[in-house]
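Commentary on secondary and tertiary structure
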Amino acid sequence: MSKTIIANWKMNLSLNKSLILLEKILPALENNKNKIVICPDFASLGLSAIAVSGSKLFIGAQDCADSLEGSFTGEVSARVLREIGASYVILGHSERRIFQLENDALINKKIKTALGAGLKVILCLGENIKEKKAKLTKKVLQVQLKNALKGVDKKESRNILIAYEPVWAIGSGKALEAQEAGEIAEFLKSKSLDLIGRRLEILYGGSVSLNNASLFLKNKNISGLLLGGASLEAEKFISICSI
Ligand code: PGA
């Protein structure tokens, strides 16, 4: 079955390295059955979009502004992202929640702005280690989901994918067990049905590697993967996409 695989390159590559990586992965992924979305940094996005045009790969941004235009120095509009070839945007990533202090209200505004501009949203949710130890995972996820989807209707929500990413698993080399990720995915699907009348698709992210990717992809509740580190090396990435 076809799954969605998102490559979140974060701020790890130069423009040159981004284009070289695309050059390596594009021919190998030409006939891949999965939906593959590459998310370069803003500055590399335009040329990356040109590089993938005519292929089956999609381009995504790693963030966008909460308004479409105006005097917001340094911000990037979802409308311009669309214009230069992005189809997706990652919103609510824990690194932005932590380092840029993004809260649920801002993320909700960004989601509505991005959907309005015609982007598909990859909404990241996840508990931190303290919350996990206190057995608050489901509670935290439920609040994040509810706040993120406030004012989003069922029709618009068809353009939202959820990436469940436990914060403690990101970049740590310690992924969640696939079975547990599947149970959380089922939980998030039923909560999204309650909230907006649609069972959203749930991806897993957080230390996915060539060793564990197939376990997540095999799980019936998990619709795909959000890869950080494993998306930066051509061979590894191609192998995961080809599972
Ligand atoms: P990781 O990152 O795969 O390097 O853990 C995932 C992410 O932050 O999206």
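Calculation notes
- Residues numbered from 1 in each chain as written.
- Predicted model: local features only at pLDDT ≥ 70, side-chain atom pairs only at ≥ 80, totals over all residues.
- Heavy atoms only, no water.
- Helix = DSSP H or I, 4+ residues; strand = E, 2+ residues; numbered from the N terminus.
- Expected span 1.5 Å × (residues − 1).
- Buried < 20%, exposed > 50% of the residue type's maximum accessible area, 1.4 Å probe, protein only.
- Contact = heavy atoms within 4.5 Å.
- Near = heavy atom within 4 Å.
- Polar contact = N/O pair within 3.5 Å; in protein donor to acceptor, adjacent residues only side chain to side chain.
- Nonpolar A, V, L, I, M, F, W, Y, C, P; charged D, E, K, R; others polar.
- Core = buried A, V, L, I, M, F, W, Y, C linked by side-chain atoms within 4.5 Å.
- Pairing = 2+ DSSP bridges.
- Right-handed = clockwise from strand over helix to strand, strands pointing away.
- Axes fitted to C-alpha atoms, helices over the stretch in contact; angles between N-to-C directions.
- Salt bridge = Lys/Arg side-chain N within 4 Å of Asp/Glu carboxyl O.

Here helix α8 (residues 178–196) contains 19 residues, and its C-alpha end-to-end distance of 26 Å stays within 8% of the 27 Å for a straight helix at 1.5 Å per residue. Those residues of α8 that sit buried are Ala178, Ala181, Gly182, Ile184, Ala185, Phe187, Leu188, Lys189, Ser192 and Ile196. On its buried face, α8 sits against β5 (120–125), α7 (137–148), β6 (160–164), β7 (201–205) and α9 (213–218).

Moving on to the site of the ligand. If you check the shell around the ligand, you find 13 residues, and the closest are Lys10, His93, Glu165, Gly171 and Ser207. For the ligand, an oxygen atom lies 2.9 Å from a polar atom in the backbone of Gly228. Partitioned by chemical class, the residues of the shell around the ligand number 4 nonpolar, 7 polar and 2 charged.

Next up on the list: the nonpolar core. Grouped together as the largest cluster of nonpolar side chains are 66 residues, with contacts concentrated most on Ile25, Ile38, Ile111, Ile160, Leu188 and Phe237. In contact with Phe237, not counting residues within four places along its chain, are Ile5, Ala7, Ile25, Leu29, Ile36, Ile38, Leu227, Ala230 and Ser231. Grouped together as the second largest cluster of nonpolar side chains are 11 residues, Val37, Cys39, Leu161 and Leu203 included.

The next subject is the side chain of Ser44. Its place among the elements puts Ser44 in helix α2 (residues 42–52). For Ser44, a relative accessible area of 2% translates into the label buried. Ser44 has contacts with Leu15 and Ser18, leaving out every residue within four places of it along the chain.

Turning our eyes to something else, we now look at the pairing of β7. Put simply, side chains in a regular strand alternate between the two faces of the sheet. For β7, the buried fraction is high: 4 of the 5 residues fall into the buried class. Pairing of β6 with β7, which is carried by 4 bridges, proceeds in the parallel orientation. The residue of β7 that forms the bridge with Ala163 is Leu203. In the classification by handedness, the crossover that spans β6, the intervening α8 and the parallel β7 is right-handed. Both β7 and strand β8 (residues 224–227) contribute to a ladder of 3 bridges, which runs parallel. Residue pairing across strands places Tyr204 opposite Leu225, the latter belonging to β8.

Attention now goes to the sheet that holds strand β2 (residues 35–39). In spatial order, the strands read β1-β2-β3-β4-β5-β6-β7-β8; together these 8 strands close into a barrel with parallel pairing. With strand direction ignored, the average angle separating the axes of adjacent strands in the sheet is 25 degrees.

Here the focus is the pattern of salt bridges. A pair can form between side chains of opposite charge whenever their charged atoms are brought close. A complete count under the given rule lists 12 salt bridges for this structure. The salt bridge partner of Asp63 is Arg96, with a shortest N-O separation of 3.2 Å. Of this pair, Asp63 sits in the loop between β3 (58–61) and α3 (78–83) while Arg96 sits in helix α4 (residues 94–99), placing them 33 residues apart in sequence. Since its relative accessible area comes to 7%, Asp63 is described here as buried. Overall, the relative accessible area of 23% leaves Arg96 in the partly exposed class. A salt bridge links Asp66 to Lys109; its shortest N-O distance comes to 3.5 Å. Highlighted residues: Asp66 in the loop between β3 and α3 and Lys109 in helix α5 (residues 104–116), separated in sequence by 43 residues. A network of salt bridges, in which partner residues are shared, links Asp63, Arg96, Glu102 and Lys110.

Interpretation in functional terms is not warranted from these geometric data alone.
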